[in-house]
Amino acid sequence: MKHTSRNYIKLEFPSTGANESLARSAVAALAAQLDPTLDELGDIKTAVSEAVTNAIVHAYPDRIGTVWLRASILDGDVLELTVRDRGRGIADVAQAMQPLYTTGGEERSGMGFTIMESFTDALRVRSTPGKGTTVTMRRRIRKKR
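Small disclaimer: the values here were computed from a predicted structure and weren't measured.

Novice: With reference to specific residues and values, describe the overall build of the protein chain.
Specialist: If you tally the helices and strands in the protein chain, you get four helices and five strands. For the protein chain, the succession of helices and strands along the chain, N to C, is β-α-α-β-β-α-α-β-β. Counting over 145 residues, the protein chain shows a buried share of 44%. Residue pairs in contact within the protein chain that sit at least 24 positions apart in sequence constitute 66% of those at least 6 positions apart. Entry remark: accessible area of the protein chain is about 7,900 Å², with carbon and sulfur atoms responsible for 50%.

Novice: Explain the side chain of Thr120 residue by residue, including any values.
Specialist: Tracing the sequence through the fold places Thr120 in the loop between helix 4 (112–119) and strand 4 (122–128). Separated by 2.7 Å, the side chain of Thr120 and the backbone oxygen of Met116 make a polar contact. A polar contact is formed between the side chain of Thr120 and the backbone oxygen of Ala122, at a distance of 3.4 Å.

Novice: So what about unusual backbone geometry? Which residues, and what values?
Specialist: Its identity is not glycine, yet Asp35 carries a phi of approximately 55°, on the positive side. Examined against the element boundaries, Asp35 turns out to sit in the loop between helix 1 (18–31) and helix 2 (38–59). The phi torsion at Asp77 lies on the positive side, around 60°, for a residue other than glycine. One can find Asp77 in the loop between strand 2 (66–74) and strand 3 (78–85).

Novice: Account for the pairing of strand 3, naming residues and giving values.
Specialist: For strand 3, a buried count of seven out of eight residues is recorded, marking the element as mostly surrounded by other parts of the structure. As defined by bridge partners, strand 2 adjoins strand 3 across eight bridges and the pair is classed as antiparallel. In the strand pairing of strand 3, Trp68 is matched with Arg84. Note: strand 3 against strand 5 (residues 132–140), eight bridges, orientation antiparallel. What sits directly across from Val78, in strand 5, is Arg140.

Novice: Run through the packing of aromatic side chains, naming residues and quoting values.
Specialist: A complete count under the given rule lists zero aromatic pairs for this structure. The side chain of Arg70 reaches across the aromatic face of Tyr8, ending 4.2 Å from its centre. Stacked on the ring of Trp68, the Lys or Arg Arg84 has its end atom at 4.4 Å from the ring centre.

About the criteria used
- Position numbers for residues count from 1 along each chain, tracking the sequence in the order it is written.
- Two thresholds apply to this predicted model, a pLDDT of at least 70 for residue-level local features and 80 or more for giving and counting side-chain atom pairs, whereas whole-chain, interface and lining totals are computed over all residues.
- No hydrogens and no water enter the side-chain calculation; it runs on all heavy atoms of the structure.
- Helix numbers and strand numbers start at the N terminus; a helix is a DSSP run of H or I with at least 4 residues, a strand a run of E with at least 2.
- Exposure categories follow from relative accessible area, calculated using a 1.4 Å probe and restricted to protein chains: below 20% of the type maximum is buried, above 50% is exposed, and the middle band is partly exposed.
- By definition in these notes, contact holds between two residues if any of their heavy atoms fall within 4.5 Å.
- Computed by Shrake-Rupley with a 1.4 Å probe, the accessible areas treat only the displayed protein chains as cover when residues are assessed.
- N or O atoms closer than or at 3.5 Å make up a polar contact, with two conditions inside protein: a donor-capable atom paired with an acceptor-capable one, and, for residues adjacent in sequence, both atoms drawn from side chains.
- At least two bridges found by DSSP between two strands is the condition for calling them paired.
- Here a pair means two rings of Phe, Tyr or Trp (six-membered ring of Trp) with centres within 6.5 Å. Their orientation is stacked below 30 degrees between planes, edge-to-face above 60, and tilted elsewhere.
- Whether a charge lies above a ring is judged from NZ of Lys or CZ of Arg, which has to be within 6 Å of the ring centre and within 35 degrees of the ring normal.

Here you go:
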């Protein structure tokens, strides 16, 4: 089923840690239009945090780059989130998506993709080494009864 966008936001920001909270807040504000539960909203914010943090830490490990975020409300009360960078890319996406795998050093848990996957209904990661990564997540917001 093809989804049509009912509303969306686009953000472009430098890959600095301070902008992770900006991304969370912007997505939460848009998602609020779907009247999510606090748990749903927390899951969405966590998934966005993980995707943006991955771009900051892994895509641009030794420089400040640009991160693009698009959040869309689609038909069927689906929130679609896309985080894109033009950083170093991922050589082996399947390996990178394995729990505990990290290229970020000892201080990184290697759980980013696992967390994104567990807090969303769908996760797609596309990457080309030297050209960047695009992470797309979808989460349907359940109507309260």
